[in-house]
Amino acid sequence: DIRMTQSPSALSASVGDRVNITCRASQIISSWLAWYQQKPGKAPKLLIYKASNLQRGVPSRFSGSGSGTEFTLSISSLQPDDFATYYCQQYNAYSPPWTFGQGTKVEIK
Amino acid sequence: EVQLVESGGGLVQPGGSLRLSCAASGFDSSDYYLDWVRQAPGKGLEWIGRSRNKANSYITQFGASVTGRFTISRDDSKNSLSLQMNSLQTEDTAVYYCTREAAGDGVFDIWGQGTMVTVSS
């Protein structure tokens, strides 16, 4: 299975800060990467697919980049609603098993 | 409104069985690939299984941790999906989410609210 590793595992930031979260795949996955946001007690929500495509309705302060094995989720100006845990997920070759990173918790500084 | 609603979670003893249901609304579930993803308490997300759409014969695929113990079925008349879980182990304790693949590509655009399964004696 493809292993996904996120860094950092947690970070503290202030409202207005720019935040970057990195996700690395154990093998090349082209751009077959999605990002999800999860708040406590809630289901994950799709933010970005195919590495850099913003899901409909997601604020433009979220962006994704990367290809191959290294990817980044950026939040340009952190808002109070953005404090949550973020997961990357690979969907290489449209063939499961799909695998997720371990998550990055974004906390208020 | 497009949504998925899970039900059927609860407490079960090790070695027991449980059946989860996922009711779809706002779309025809037979047109979509539907998956189950779980999350153990305080842990990350784990994909456990998938049912392709009707056009692809509802073929199912599973992750290694549940292969041979879990099955997925569909009921078109109820616009629903089910997860039959047998030989449950304590490590199966988790919130189970029903999800929809946006385009049969492994991207989950719709998630249910989740249902908790606790395996304990």
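Residues numbered from 1 in each chain as written. Chains lettered and ligands numbered in written order. Predicted model: local features only at pLDDT ≥ 70, side-chain atom pairs only at ≥ 80, totals over all residues. Heavy atoms only, no water.

Caption draft 1: Fine view of the overall build of chain B. Looking only at helices and strands, chain B has zero helices and eleven strands in total. Secondary structure elements of chain B, listed N to C terminal, follow the sequence β-β-β-β-β-β-β-β-β-β-β. The globule rule puts the C-alpha radius of gyration for 121 residues at 14 Å, and the 13 Å found for chain B is close to it. Dimensions of chain B, computed from C-alpha atoms along their principal axes, come out at roughly 40 × 25 × 25 Å. By sequence separation, contacts in chain B at least 24 residues apart represent 53% of the contacts at least 6 residues apart. The positive charge centre, built from 10 side chains, and the negative charge centre, built from 13, are 5 Å apart in chain B. (Helix = DSSP H or I, 4+ residues; strand = E, 2+ residues; numbered from the N terminus. Rg over C-alpha atoms; globule rule 2.2 N^0.38 Å. Contact = heavy atoms within 4.5 Å. Lys, Arg positive; Asp, Glu negative; His and termini not counted. Charge placed at Lys NZ, Arg CZ, Asp CG, Glu CD.)

Caption draft 2: Summary view of the pairing of strand 9 (residues 85–90) of chain A. Residue and element names in this part refer to chain A. Most of strand 9 is tucked away: six of the six residues are buried. Sheet topology note: the strand 4 (residues 33–38)/strand 9 ladder contains six bridges and is antiparallel. Considered in strand 9, the bridge of Q38 is made with T85. Pairing between strand 9 and strand 11 (residues 104–108): two bridges, direction antiparallel. Note that in strand 11 the partner of T85 across the bridge is K105. (Buried < 20%, exposed > 50% of the residue type's maximum accessible area, 1.4 Å probe, protein only. Pairing = 2+ DSSP bridges.)

Caption draft 3: Main features of the sheet that holds strand 7 (residues 62–67) of chain A. All names here are of chain A. Taking strand neighbours across the sheet as the criterion, the four strands line up as 1-3-8-7 in an open arrangement whose pairing is antiparallel. Looking along the sheet, the strands with just one partner apiece sit at the ends: strand 1 (4–7) and strand 7. Mean inter-strand twist for the sheet, computed between neighbouring axes without regard to direction, equals 20 degrees. (Axes fitted to C-alpha atoms, helices over the stretch in contact; angles between N-to-C directions.)

Caption draft 4: Highlighting the nonpolar core. Core analysis: the largest hydrophobic core is formed by 25 residues, its most contacted members being A:M4, A:I21, A:L33, A:W35, A:L73 and A:Y86. The set of elements that each furnish at least two residues to this core consists of strand 2 (10–13), strand 3 (19–25), strand 4, strand 5 (45–49), strand 8 (70–75) and strand 9 of chain A. When near neighbours in sequence (up to four residues on either side) are disregarded, A:M4 contacts A:C23, A:R24, A:A25, A:I29, A:L33, A:C88, A:Q90, A:T99, A:F100, A:G101 and A:Q102. By size, the runner-up hydrophobic cluster in this structure holds 23 residues, among which are B:L81, B:A94, B:Y96 and B:C98. (Core = buried A, V, L, I, M, F, W, Y, C linked by side-chain atoms within 4.5 Å.)

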